[in-house]
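The residues making up each chain are set out below.
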Amino acid sequence: MTTLVVQTDKLLNNLRAVQTAAGVPVIPVLKGNAYGLGDVAVGKLLFDAGVRLFAVSRIEEAERLAAALPQAEVLLLSPYSTEAEARRIVASGVTAAVGSYDSAVLLNGIAEQCKVRCRVHFLFDTGMGRFGFLPEEAEKAAQAAKYLKNIEVCGCFSHLSNCFGRDRKGVFHQLALFTKCVETLRRAEIEPGLVHLANSNAALLYPQLRLGAVRVGSALLGRVGVKNRLPLKKVGRLESEICEVRWLPAKHNIGYGNTFRTRKPMRVAVVPVGYADGLFVERKKDTFRFRDTLRYGWQDFKRFFRKDRLFCEIGGKRAPVVGRVGMCTVVVDVSHLECSAGDIVAFDANPILINSNVQRSYI
Ligand SMILES: *Cc1c(COP(=O)(O)O)cnc(C)c1O
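Residues numbered from 1 in each chain as written. Predicted model: local features only at pLDDT ≥ 70, side-chain atom pairs only at ≥ 80, totals over all residues. Heavy atoms only, no water.

## Some points on the packing of aromatic side chains
Tallied over the entire structure, the rule returns eight aromatic pairs. Aromatic pair phenylalanine 301 and phenylalanine 305: ring centres 5.1 Å apart, planes at 70 degrees, arrangement edge-to-face. Taken together, the residues span about one helical turn, with phenylalanine 301 and phenylalanine 305 both in helix α11 (residues 290–306) at a distance of four residues. These aromatic residues form a ring-pair network of at least three members: Phe122, Phe124, Phe133 and Phe178. Over the ring of phenylalanine 47 we find arginine 52; its NZ or CZ atom is 3.6 Å from the centre of that ring. Here arginine 318 stacks its cationic end above the ring of phenylalanine 311, 3.7 Å away from the centre of that ring. (Phe/Tyr/Trp six-rings, centres within 6.5 Å; stacked < 30°, edge-to-face > 60°. Helix = DSSP H or I, 4+ residues; strand = E, 2+ residues; numbered from the N terminus. Lys NZ or Arg CZ within 6 Å of the ring centre and 35° of its normal.)

Shown next, in the form of structure tokens:
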């Protein structure tokens, strides 16, 4: 059976590494089923490690996590817009992100009907262009906090749009805008609560951005795109079992498209995993500016010369995948190692890409 193995020791190692480096509380971002790791399981693990505030992106995730961890606080990062959503937020006791005056009024009304105060974090749009009060609307946020008595401001945040290690200026511009928004609240005598801006990359790269807390997803998986000195460890390993070991003669094709042909007799292992499980799928190249096309081309060019092939591990030894990856099958060259049907084959796998039907196991 194919299983996604989640190495909890590595996950906790990554949490500690970020906590130590940041020196402020870490808010784990468990959106997308905790980046594919399993949100409830990971939430419980991190709760036991002392975490009390979590963040997610969708209301159903927030409800699920709040129900599983009644002692924790769950911050819903994305805004809501309908009355039904506001009711769900109030009913589940989730902390809402408020990014407009109208949504503040809506939530306040529902909270008043239910005779509760709803905890909120104000969300400012300092450059991502998705949601939040614009910096010039910070005064409106202050008004909302002042006059709407059934919402309680416990925090303020914004999200960085270009924090990949190359655009320092842009990152600090967003910090400056965000700082102004927070100051506007303070000037109106609204206590901003917990202020947070940094995602994983920013938490690792820029100490000045750590503020009151950092919101971290990919660093917990040990899969960040920027160079850093933290002892992060990659979480996520897809395991399957060899279903057959066989010899192929020389000059025999393997896989669709005849992209691989044996030069001499080759011993191969057939493994029942593939695209259907999310193995070796990639995110699509999703920008269409000419310079990005050039950049992608350059990356592919370099990869070709590095002979960036796909590998797996059998009995602790590396073995290359030969031929194209199929929907449910890959073939591995095992000429150089001892193995037989039933042996475990392990692939490094980013959990976010692994099909949610694949069983998760926590070790
Ligand atoms: C996803 C997300 C994060 C975490 O991003 P990472 O780069 O994975 O650490 C932080 N804040 C918001 C608002 C997010 O949507």
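## As for the site of the ligand
Residues in contact with the ligand, as listed here, are Val29, Lys31, Tyr35, Leu77, His159, Asn199, Ser200, Arg215, Val216, Gly217 and Ser218. In this structure, tyrosine 35 approaches the ligand through a side-chain N or O atom, which is 2.5 Å from an oxygen atom. Within the side chain of histidine 159, one N or O atom sits 3.5 Å away from a nitrogen atom of the ligand. Contact with the protein chains hides 88% of the accessible area of the ligand, taken as 390 Å² for the molecule alone. Only α2 (31–35) and β9 (214–216) provide two or more residues apiece to the shell around the ligand. Taken together, the residues that form the shell around the ligand break down as four nonpolar, five polar and two charged. (Near = heavy atom within 4 Å. Polar contact = N/O pair within 3.5 Å; in protein donor to acceptor, adjacent residues only side chain to side chain. Areas by Shrake-Rupley, 256 points an atom, 1.4 Å probe, with all protein chains shown as cover. Nonpolar A, V, L, I, M, F, W, Y, C, P; charged D, E, K, R; others polar.)

## Re the side chain of asparagine 14
Take asparagine 14: it is sitting in helix α1 (residues 8–22). Asparagine 14 sits in the buried class, given a relative accessible area of 0%. (Buried < 20%, exposed > 50% of the residue type's maximum accessible area, 1.4 Å probe, protein only.)

## Concerning the side chain of threonine 8
Tracing the chain through its elements places threonine 8 in helix α1. We classify threonine 8 as buried; its relative accessible area is 15%.

## A closer look at helix α3 (residues 39–48)
Every buried residue of α3 is accounted for by Asp39, Val42, Gly43, Leu46 and Phe47. Summarising the axial view, the buried residues of α3 lie within an arc of 135 degrees, below the 170-degree limit, and thus occupy one face. The inward-facing, buried residues of α3 abut α1, β2 (26–28), α2, β3 (53–56), α4 (59–68) and α10 (218–221). Backbone geometry just after α3 places glycine 50 at a positive phi near 105 degrees. (Arc of directions from axis to C-beta. Contact = heavy atoms within 4.5 Å.)

## Here we look at the nonpolar core
It is characteristic of soluble globular proteins that their nonpolar side chains tend to be buried jointly. Ranked by size, the top nonpolar core spans 88 residues in total, and within it Phe54, Ile89, Leu107, Phe122, Phe124, Leu209 and Val214 carry the most contacts. Considering every element that reaches this core, the biggest residue donor is helix α8 (residues 168–187), with six residues. Aside from chain neighbours lying at most four places away, what touches valine 214 is Val18, Ala22, Val24, Pro25, Val26, Ile27, Ala198 and Ala203. Residues Ile242, Val325, Val330 and Val332 belong to the second largest nonpolar core, which totals 22 residues. (Core = buried A, V, L, I, M, F, W, Y, C linked by side-chain atoms within 4.5 Å.)

## Re the layout of surface pockets
By volume, the second largest pocket is sized at about 280 Å³. Phe260, Arg261, Arg263, Met266 and Asp333 are, among the 13 residues lining the second largest pocket, the residues nearest its centre. Here the lining of the second largest pocket is built from residues that sort into five nonpolar, three polar and five charged. (1 Å grid on protein atoms, 1.4 Å probe; cavity = no way out; pocket = protein on both sides within 12 Å on 5 of 7 lines; lining within 4 Å. Points joined across faces, edges and corners; volume = space filled by probe spheres on them.)

## A few points about the environment of serine 356
Mapping serine 356 onto the fold places it in the loop between β18 (344–348) and β19 (359–362). Expressed as a C-alpha distance, the spacing of serine 356 and leucine 37, which sit 319 residues apart in the sequence, is 9.3 Å.

## Looking at the pairing of strand β14 (residues 266–271)
With six of six residues buried, β14 lies mostly within the body of the structure. Where burial is concerned, the two faces of β14 agree: the one with Met266, Val268 and Val270 and the one with Arg267, Ala269 and Val271 are both buried. Bridge count between strand β11 (residues 244–248) and β14: five bridges; the pairing is antiparallel. Paired with valine 245 across the bridge in β14 is alanine 269. Alignment of β14 against strand β17 (residues 330–333), held across four bridges, turns out to be antiparallel. Bridge pairing links valine 271 to valine 330 in β17. (Pairing = 2+ DSSP bridges.)

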